[in-house]
Amino acid sequence: MPLSEQEIVRRQALEELEKLGIDPYPADLYPVSATAQSINDGAENKANDGEEVAIAGRIMSRRIMGSASFAELQDSTGRMQIYLRRDDLCPGEDKTLYNIVFKRLLDIGDIVGVKGKIFTTQTGELSVHASELQVLSKSLRPLPVVKESVDEDGNKQVHDAFTDPETRYRQRYVDLTINPQVRKVFEQRTQVYNSMRSFLAGKGYLEVETPILQPLYGGALARPFKTHHNSLDMTLYLRIANELYLKRLIVGGYDGVFEFSKDFRNEGMSRFHNPEFTQVELYVAYKDYEWMMELVEEMIEKVALDLHGTTKVQVGENEIDFKRPWKRYTMYEAIEHFTGIDISDMDETHLRETARKLDVPIDDSMGKGKLIDEIFGEKCEPLLIQPTYITDYPVEMSPLAKKHRTKEGLVERFEAIANGKEICNAFSELNDPLDQRRRFEEQLKLGERGDDETMLVDEDYLRALEYGMPPTAGLGVGMDRLTMIMTNSSSIQDVIFFPQMKPEKKVQEATEADYVAAGIREELIPILQKVGIQTIPQLKEANPNKLFNDVCGMRKKMKLNDVKNPTLEEVQSWVD
């Protein structure tokens, strides 16, 4: 890959450090004894002034003022100012560590360790007065420079922020370094998990692990990712859900099991969908979906309280209140409420006509269940902002749910919707093996019509049911979507450390002919490349005045005395 001027300079600094006998990547443990937060915790009463500490972190800013300087280190807890005085850092005659290493060879982004005493400056800022400095990791790429200023009204203005979503998601390590608020989102994500885990474990349910590679995919309506096991010479699938394995454990005698699982669905991507996602699934014997609704309300209310200290959560312009009890609609009631149309007695033909009348996108492969789901998803779901249960789904939509005890053609199922999106799905689980076989066979018929998100017949799961599964309530909670709501994040990519991305486009370096065609003299091409102009688009986006100064400076640095500097007008013509 072509190197920018900054990257070249940093590699040269790396070589100079090594020539001075300094290992830029030492293997030894660094004895960190304090963090930015632990030091700041004693700031109010100056309780730790004079305390000797060792702190390590990344250099985020520097102010070099002759024989004394300030730097700002960032560790995992925050930032701390470091005061470096040449004669304190280098008490002997050799001032190399300050004059050469710190002032010339270290850069923004380098990781260093500092030992010294805590003190408060005359301006009242808590700092560490350095007596020792050690290079721990030399950064070879410059961090994006985020500048701040204060306008006339005293408001802080941020310039050149690292905000491009694609770059942030692709280079999450830079995002976490530059944008502290991003780190908070992922810390809160862990809090959400810990809250739910402690809640479920506190109920006496067992946390388990089930296979990710499965010989048959099932437990949801989705397309799988497919792979091949060479040794066994068999096709395997990344799980789309862990439901069928967890219910096998209920057959085996456990009263309650749950799993935080990575699942994979080979489907489209959006700000609400990532092919790899996390959900928690819970199955409890001798319970039903009515009982599960009570448990979900209690659990999510607890998550909000643990995270925010209140049941009210701000999500965009909406304040969502997770306080129990939540509003409830049946599926048919919701559609009638929001569209004015009662679809409860419609057959497939009339449903198709209704969907078209409502401008709901459909296709010929869709059966009755899919048509109802599309109408609900288009006309109802986006309007459900406060936590709401949608209950009693048509049997065609729910091949793993038990038929409703009193309502013909429906099943005992609910989804919780908040901020216009599903956050969980639950059933009274179907435990009749003969009915389950019929449902699987109906799914096969839908698959033959062209629906590629149907279930397969899982004979081993049917065999497990034939041994007898007690009445069971089951639940799946989408952890990524729940985290989006709890952290006020607008995209699922904002709550996944490394979301799936399109392949990164490789930079197409300009050829010598490309440079010449842009009007650049051949003898200037190596100089342009040295200052980081590796492509013609880079050239066209360059600032002519800065590029003129960079080229003239690099020509001098490369000692190309026989090469004539370009004029400013000449550089302007390259850019134009």
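See above for the structure.
I will try to describe carefully the structure that is included in this document.

## Here we look at the environment of glycine 519
Here comes step 1: Along the chain, glycine 519 turns up in the loop between helix 16 (512-517) and helix 17 (525-530).
Here comes step 2: Residues glycine 519 and threonine 278 lie 241 residues apart in sequence; the distance between their C-alpha atoms is 54 Å.

## Digging into the nonpolar core
The nonpolar side chains of soluble globular proteins are, as a tendency, buried together.
Here comes step 1: Counting residues in each nonpolar core, the largest one holds 42 residues, and the members touching the most others are Met331, Ile335, Ile343, Ile372, Phe376 and Ile390.
Here comes step 2: Within the residue set of this core, elements represented by two or more residues are helix 8 (243-251), strand 13 (276-285), helix 10 (331-339), helix 11 (348-357), helix 12 (368-379) and helix 14 (459-467).
Here comes step 3: The contacts of isoleucine 390, once residues within four sequence positions are left out, are Tyr329, Thr330, Met331, Ala334, Phe376, Leu384, Arg413, Phe414, Glu415 and Ile417.
Here comes step 4: Core analysis: the next-biggest nonpolar cluster, separate from the first, contains 40 residues, Tyr193, Phe260, Phe322 and Ala416 among them.

## Things to note about the pairing of strand 5 (residues 126-137)
Here comes step 1: Where strand 3 (residues 78-85) meets strand 5, three bridges bridge the pair, whose relative direction is parallel. Bridge pairing in strand 5 links isoleucine 82 to valine 128.
Here comes step 2: Two elements, strand 4 (residues 111-120) and strand 5, share 10 bridges in a ladder whose sense is antiparallel. What sits directly across from phenylalanine 119, in strand 5, is serine 127.
Here comes step 3: Counting the residues that bridge the hairpin from strand 4 to strand 5 gives five residues, and of these glycine 124 lies at a positive phi of roughly 85°.

## Points about the sheet that holds strand 11 (residues 234-238)
Here comes step 1: Pairing in this open sheet of three strands is antiparallel, and the strands run 9-11-10 from one edge to the other. Of all strands in the sheet, those with a lone pairing partner are strand 9 (213-214) and strand 10 (225-229), marking the two edges.
Here comes step 2: Inspection of the sheet shows strand 9 paired to strand 11 by two bridges, in the antiparallel sense. Across the sheet, the residue bridging to leucine 213 is leucine 238, located in strand 11.

## Digging into the layout of surface pockets
Here comes step 1: Put simply, the second largest pocket is a space of about 1,600 Å³.
Here comes step 2: Together, 34 residues line the second largest pocket, and Ser4, Glu7, Arg141, Pro142 and Gln538 are the ones closest to its centre.
Here comes step 3: When residues of the lining of the second largest pocket are traced back to their parent elements, those giving at least two are helix 1 (5-19), helix 6 (172-178), helix 18 (536-541) and helix 19 (544-557).
Here comes step 4: Across the lining of the second largest pocket, the residue classes break down as 15 nonpolar, nine polar and 10 charged.

## Points about the side chain of arginine 265
Here comes step 1: Mapped onto the elements, arginine 265 comes out in the loop between strand 12 (256-264) and strand 13.
Here comes step 2: No salt bridge is formed by the buried arginine 265, whose closest oppositely charged neighbour, aspartate 263, lies at an N-O distance of 5.2 Å.
Here comes step 3: In terms of polar contacts, arginine 265 uses its side chain to reach the backbone carbonyl oxygen of isoleucine 240, at 2.9 Å.

## A word on the pairing of strand 2 (residues 68-75)
Here comes step 1: In terms of residue burial, strand 2 counts as a mostly covered element, since seven of its eight residues are buried.
Here comes step 2: As judged from the seven bridges shared by strand 1 (residues 52-65) and strand 2, these two strands associate in the antiparallel manner. Of the residues in strand 2, the one forming a bridge with methionine 65 is alanine 68.
Here comes step 3: Linkage of strand 1 to strand 2, two consecutive antiparallel strands, is achieved through a turn of two residues, within which glycine 66 is found at a positive phi near 70°.
Here comes step 4: Where strand 2 meets strand 3, eight bridges bridge the pair, whose relative direction is antiparallel. Paired with glutamine 74 across the bridge in strand 3 is arginine 79.
Here comes step 5: Linkage of strand 2 to strand 3, two consecutive antiparallel strands, is achieved through a turn of two residues.

## Describing the state of the cysteines
Here comes step 1: Counted according to the given criterion, the structure contains zero disulfides.
Here comes step 2: Cysteine 380 supplies the cysteine sulfur nearest to cysteine 424, a cysteine that is in no disulfide, at a spacing of 17 Å.
Here comes step 3: Using a relative accessible area of 1% as the deciding quantity, one classes cysteine 424 as buried.

## What to know about the sheet that holds strand 13
Adjacent strands of a sheet form backbone hydrogen bonds with each other and so pair up, either parallel or antiparallel.
Here comes step 1: Read across the sheet, eight strands follow the order 8-12-13-20-19-18-17-16 without closing on themselves; strand pairing throughout is mixed. The sheet is open, and its two edges are formed by strand 8 (206-207) and strand 16 (327-330), each paired on a single side.
Here comes step 2: Pairing analysis gives five bridges linking strand 19 (residues 421-428) to strand 20 (residues 472-478), with the strands arranged antiparallel. Note that in strand 20 the partner of cysteine 424 across the bridge is valine 477.
Here comes step 3: Set on the sheet, helix 8 makes contact with strand 12, strand 13, strand 19 and strand 20; between it and strand 13 the angle comes to about 25°.

## Quick notes on a negative patch on the surface
Here comes step 1: A contiguous patch of negative charge on the surface is contributed by Glu15, Glu18, Asp23 and Asp28.
Here comes step 2: The exposure class of aspartate 23 is partly exposed, given its relative accessible area of 44%.

## Comments concerning the side chain of arginine 439
Here comes step 1: Along the chain, arginine 439 turns up in helix 13 (residues 433-448).
Here comes step 2: Classification of arginine 439 by relative accessible area gives buried; the value is 4%.

## Quick notes on empty space enclosed by the protein
Here comes step 1: What the rule picks out here adds up to one cavity of 30 Å³ or more.
Here comes step 2: Here the largest cavity defines a volume of roughly 40 Å³.
Here comes step 3: Taken together, Ile59, Ala71, Leu73, Ile82, Leu84, Phe102, Leu106, Val112, Val114 and Leu133 make up the lining of the largest cavity.
Here comes step 4: Mapped onto the lining of the largest cavity, the elements with two or more residues apiece are strand 2, strand 3 and strand 4.
Here comes step 5: Within the lining of the largest cavity, the residues separate by chemical class into 10 nonpolar, no polar and no charged.

## Here's the deal with the pattern of salt bridges
Here comes step 1: If you walk through the whole model with that rule in mind, you get 39 salt bridges.
Here comes step 2: A salt bridge links arginine 239 to glutamate 259, with the nearest nitrogen and oxygen atoms 3.4 Å apart. With a gap of 20 residues between them, arginine 239 in the loop between strand 11 and helix 8 and glutamate 259 in strand 12 connect regions that are remote in the sequence. Neither arginine 239 nor glutamate 259 differs from the other in exposure class; each is buried.
Here comes step 3: Among the ionic pairs, glutamate 301 bridges to arginine 324, the shortest N-O distance being 3.0 Å.

## Here's the deal with the packing of helix 1 against helix 4 (residues 96-105)
Here comes step 1: Where helix 1 contacts helix 4, the two axes come as close as 11 Å, and the packing angle between them is 160°. Relative to helix 4, the element helix 1 is oriented roughly antiparallel. Where helix 1 crosses over helix 4, the two elements pack in a sense that is left-handed. The segment helix 1 lies against helix 4, with Ala13, Glu16 and Leu17 engaging Val101, Arg104 and Leu105.
Here comes step 2: Within the contact of helix 1 with helix 4, the residues separate by chemical class into four nonpolar, no polar and two charged.

The rules behind these values
Residues numbered from 1 in each chain as written. Predicted model: local features only at pLDDT ≥ 70, side-chain atom pairs only at ≥ 80, totals over all residues. Heavy atoms only, no water. Helix = DSSP H or I, 4+ residues; strand = E, 2+ residues; numbered from the N terminus. Core = buried A, V, L, I, M, F, W, Y, C linked by side-chain atoms within 4.5 Å. Buried < 20%, exposed > 50% of the residue type's maximum accessible area, 1.4 Å probe, protein only. Contact = heavy atoms within 4.5 Å. Pairing = 2+ DSSP bridges. 1 Å grid on protein atoms, 1.4 Å probe; cavity = no way out; pocket = protein on both sides within 12 Å on 5 of 7 lines; lining within 4 Å. Points joined across faces, edges and corners; volume = space filled by probe spheres on them. Nonpolar A, V, L, I, M, F, W, Y, C, P; charged D, E, K, R; others polar. Lys, Arg positive; Asp, Glu negative; His and termini not counted. Salt bridge = Lys/Arg side-chain N within 4 Å of Asp/Glu carboxyl O. Polar contact = N/O pair within 3.5 Å; in protein donor to acceptor, adjacent residues only side chain to side chain. Disulfide = S-S within 2.5 Å. Axes fitted to C-alpha atoms, helices over the stretch in contact; angles between N-to-C directions. Patch = residues over 30% accessible without salt bridge, like charges linked within 9 Å, V, L, I, M, F, W, Y side chains within 5 Å. Areas by Shrake-Rupley, 256 points an atom, 1.4 Å probe, with all protein chains shown as cover. Charge placed at Lys NZ, Arg CZ, Asp CG, Glu CD. Parallel < 35°, antiparallel > 145°, perpendicular 65-115°, else oblique. Left-handed = near helix turned anticlockwise from the far one by under 90°.

This is a description of form; function is not addressed.
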